[in-house]
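Working through the structure, step by step
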Amino acid sequence: VFYSSIMANSCRKLIFNIYIVFYCSAVIMPQICICSQFTSSPIDQFNKDPKAFPVATNGEIFPWHELRLPTVVIPLHYDLLIHPNLTSLDFVASEKIEVLVRDATQFIILHSKDLEILNASLQSEEDVRYKKPGENLTVLSYPAHQQIALLVPEKLRAHLRYSVAIDFQAKLADGFEGFYKSTYRTLGGETRMIAVTDFEPTEARMAFPCFDEPLFKANFSIKIRRESRHIALSNMPKVKTIELEGGLLEDHFETTVRMSTYLVAYIVCDFTSVSGTASSGVKVSIYASPDKWSQTHYALEASVKLLDFYENYFDIHYPLPKLDLVAIPDFASGAMENWGLITYRETSLLFDPKTSSTSDKLWVTEVIAHELAHQWFGNLVTMEWWNDIWLNEGFATYMELISLNITYPELQFDDSFPNTCFEVIKRDSLNSSHPISNEAKTATQIKEMFDAVSYNKGACILNMLKDFLSEETFRKGIIHYLKKFTYRNAKNDDLWHSLSNNCLEGDSTSGGFCYSDSRKTSNTLAFLRENVELKEMMATWTLQKGIPLVVVKREGRSLRLQQERFLSGVFKEDPEWGTLQERYLWHIPVTYSTSSSQAIHRHILKLKTDTVDLSEKTDWVKFNVDSSGYYIVHYEGQGWDELITLLNQNHTLLRPKDRLGLIHNAFQLVSAGRLTLDKALDLTRYLQHETSIPALLKGLEYLELFYRMVERRNISDVTENLKHYLLQYFKPVIDTQSWLDEGSVWDRMLRSTVLKLACYLNHAPCIQKATELFSQWMESSGKLNIPADVLTIVYSVGAQTTAGWNYLLEQYELSLSGAEKNKILYALSTSKHQEKLMKLIELGMEGKVIKTQDLATLLFTTARNPKGQQLAWNFVKENWTHLLKKFELGSFPIRMIISGTTSHFSSKDELQEVKLFFESLKAQGSHLDIFQIILETISKNIKWLEKNLPTLRKWLLTSI
């Protein structure tokens, strides 16, 4: 799954988990291994204490009381027949599940949610062979666990196979999960309906009764009935179509490879496609609604190129004959990696050359790269349980970096990867963070695992590990991992074992790592002599939460290093600081460079304190080379002053990513009370000479953040002075921007960012140019092509008049480009008129003009508008029950709505208000981890202002 974020084009879906002794029994089928955490059979447990078991909906005792399914019965094969009716908006279906019984049992437990079970029957292998009718089964339902129990008349015997047949029906779901309905409007204004699935993590059970856990892999044979005006798509290619009475058609699809239920997918629609062929012969197709067919071509080019790359990189062929990518009109996340049938939000797949900006292009390419990586990481090899979802999502996010560097070097994705890490550090530096590998039991807890820690931090520690082991060694290790666990499930330790034992004969050195690259330095070989235990090292990154702070003090030719837990919003002098530091220790592969050498020096910091000796005298030292390590660095003594002097005298002596990292680290240290704000601001003074755009944008990002914070709090003197400083200090950068789509990716991103800020600050030349372009666009009846990189800016300025706002809303309804609609919606949400903002939110709730999928984004952008922040927050409080009818508790949209409307608050009154709201939700049974994250974030904002506002005020007075 790929989760979109407004804050940045990324965001991505075990507190020392004590594993109970598992036993693992291989069964008749090869490569199936089901591990059970239960030491006695379900029947024994039930007979021993039936009162400990829950009551089913009919009043009878339900024979299972765990959230996880028992492992005495495992699925081997599903035969599914689905018939959706796009007029009555429901579906009827039947299935036959071939199961293997491992231990004798009198019941089979399956997952089922919101399905009406019509009947269920059971056949033995002998019954099937002699075509005997099946025995009817009693069906019990326990909705609290989303489970049904099939009670059998006679005990099922161990080591035999049976066939379970179930007929069922249900409504097509209203939301974005399970088997749900989606609509789109044609150019002619007609509303058309499609039916689509989205099952990850726990929603396959909404479409068919199943063993809905990742460990229960099986093969699926799918048949779909449809009308002739529609087509049906599923994971595998269609093998035949049978004509039925009444003009209905029944499509039969090839049987799938072994896979988890959450990867099953099928769609009934009237879409058109464009196709191409990968080097290996795999047919790749992009599907979209007919009027948007022209926007599919870039996705096809990118998909074929990336599929070729992955097949070569992993040295494993994509195992299916085809790969479809489908743009779905209503979609909660960014995309979903269903094997062979990847579904996308339209803005994550479609590219319109007229209205899609360079950021849009990067986004589409990034999401395609992410989902294609999942065809190996996640689909071919799947995590055993959702506590290790990072093995799917962290790897897919990491592979974006690797794949795009090779296939699309012109997108310069490598330069934006540090922001993937910076984004999650905001979350991971709070005490409410969680370990990458984290316990998750309920459906809501599982949904909450799809967050920045699993995606971004997972990717960042993998990138750090690759830098430590070398790219060649790391690649060998992951190929070994994928080949060893093909069509199987894996856990954390399996990855570390594969990375430690991937050597070919004669290819290894001491310490268990392979370094066949003779160009490796002696420093790297020195690591090996330390005999680093990779599993032990990586446990410190995956089994404990948070991020380390490395404190560096230079004493002559010695560097004194100290590590501690980095906590944002908690200062060393705070009483809780010491307690929050206890028992935290990382094995940190630190890197550093000095003034006296271009070499990258390496050291593993395993202790709380350590000393490193320098071979020669140096003027400065810079840790975390290229920002490739997941840690913050603080320089004690003269360290920061030396680096600030260096930046002012000759910033090019430091690598571009090192300059980017220094800016980020400095302001992070301010939030932890370790560096004064004036020191961090002094560091940014060199930016008028900065030639690296990512570093320049990072500095601007912090200054804009401070501006918006004081503007929202209506601290007028600081607001005015900071506005004046920004426009004066960055005037050369602003004035040199053209209003054209030209230059490199980063040139274009700089243009979009700088001009957007300049117009937001009411910079007269910017407002004048944007107004002029908007007027020309209106006069041309929307036909004029405004350069895509400045579209958002032009629309936002135009939206400030009533006539402009109304015209934009009209164009929003007419536009066929999702990229353009996003830009218009953002512009509409910048209005200073609250009645207009309220109208937008009402349209989002209604879901016709503004789709419900865009409501979370709309509430976020409205809350970031000073005139809309209270309005958006009040709306969420007053309409919480209605929002939960549209989005599942714990889902990405709900978390984004909560975060988007509260995380910018910075006053004690706001904190108290949010706290009371969260307490009322908990009393109603709604509890999310994000509640604590928000409360910590607001407290941090309050503390930041209290400590730093006087410094900011004083610094500005001396700077303008």
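Residues numbered from 1 in each chain as written. Predicted model: local features only at pLDDT ≥ 70, side-chain atom pairs only at ≥ 80, totals over all residues. Heavy atoms only, no water.

Some remarks on the sheet that holds strand β30 (residues 621-623)
Put simply, the rule is: Any two strands are treated as partners once DSSP identifies two or more bridges connecting them. Going along the chain from the N terminus, every DSSP run of H or I of four or more residues is numbered as a helix, and every run of E of two or more is numbered as a strand. Structural elements are reduced to axes, namely lines fitted to C-alpha atoms, with helices fitted over the stretch in contact, and the angle between N-to-C directions of any two is expressed from 0 to 180 degrees.
With antiparallel pairing, three strands are arranged side by side in an open sheet as β28-β27-β30. Lying at the two open borders of the sheet, with one neighbouring strand each, are β28 (597-605) and β30. When strand polarity is set aside, the average angle formed by the axes of neighbouring strands in this sheet is 25°. As paired elements, strand β27 (residues 588-594) and β28 share six bridges and run antiparallel to each other. If you follow Val-590 over to β28, its bridge partner there is His-603.

Some remarks on the pattern of salt bridges
Heads up, the condition is: One side-chain nitrogen of Lys or Arg within 4 Å of one carboxyl oxygen of Asp or Glu is enough to make a salt bridge.
In total, this model carries 49 salt bridges according to the counting rule given. By sharing partners, the salt bridges in this structure join Asp-741, Arg-748, Arg-751 and Asp-789 into a single network.

Description of empty space enclosed by the protein
So the rule is basically this: As defined here, a cavity is a set of points on a 1 Å grid over the protein atoms alone where a 1.4 Å probe fits but cannot get out. A pocket is an open set with protein on both sides within 12 Å along at least five of seven lines, and residues line them when an atom is within 4 Å of a point. Grid points are joined across faces, edges and corners, and a volume is the space filled by probe spheres set on the points. Three classes are used, and their members are as follows: Ala, Val, Leu, Ile, Met, Phe, Trp, Tyr, Cys and Pro are nonpolar, Asp, Glu, Lys and Arg are charged, and the others, Gly among them, are polar. Domain extents, as shown, originate in an automatic or database domain assignment.
Roughly 110 Å³ of volume is contained in the largest cavity. If you go around the largest cavity, you meet 17 residues; those closest to its centre are Phe-422, Asn-624, Ser-627, Tyr-631 and Asn-665. Sorting the residues of the lining of the largest cavity by element identifies α6 (417-428), β30, β31 (632-635) and α15 (656-671) as the ones contributing at least two each. The leading source of residues in the lining of the largest cavity is α15, at four residues. Broken down by class, the residue content of the lining of the largest cavity amounts to 10 nonpolar, six polar and one charged. Counting the residues that make up the lining of the largest cavity, at least three belong to each of domain 2 (381-505 + 529-543) and domain 3 (546-690).

Observations regarding the packing of helix α3 (residues 297-314) against helix α5 (residues 390-407)
Short version of the rule: We call two directions roughly parallel when the angle between them is under 35 degrees, roughly antiparallel when it is over 145, roughly perpendicular when it lies between 65 and 115, and oblique otherwise. The crossing is said to be left-handed when, going from far helix to near helix, the turn is anticlockwise and less than a right angle, and right-handed when the turn is clockwise. Any two residues having at least one pair of non-hydrogen atoms within 4.5 Å are treated as being in contact.
Running from N to C, α3 and α5 cross one another at 110°; their axes reach a closest spacing of 10 Å. Comparing their axes, α5 and α3 come out roughly perpendicular. Here the hand of the crossing between α3 and α5 comes out right-handed. Seen from α3, the contacting residues are Lys-305, Leu-306, Phe-309, Tyr-310, Tyr-313 and Phe-314; seen from α5, they are Met-399, Glu-400, Ile-402, Ser-403, Leu-404, Ile-406 and Thr-407. Among the residues making up the contact of α3 with α5, the classes are represented as nine nonpolar, two polar and two charged.

Notes on the domain arrangement of the protein
The assigned domain composition of the protein is domain 1 (16-270), domain 2 (381-505 + 529-543) and domain 3 (546-690). Here the C-alpha centroids of domain 1 and domain 3 sit 53 Å apart.

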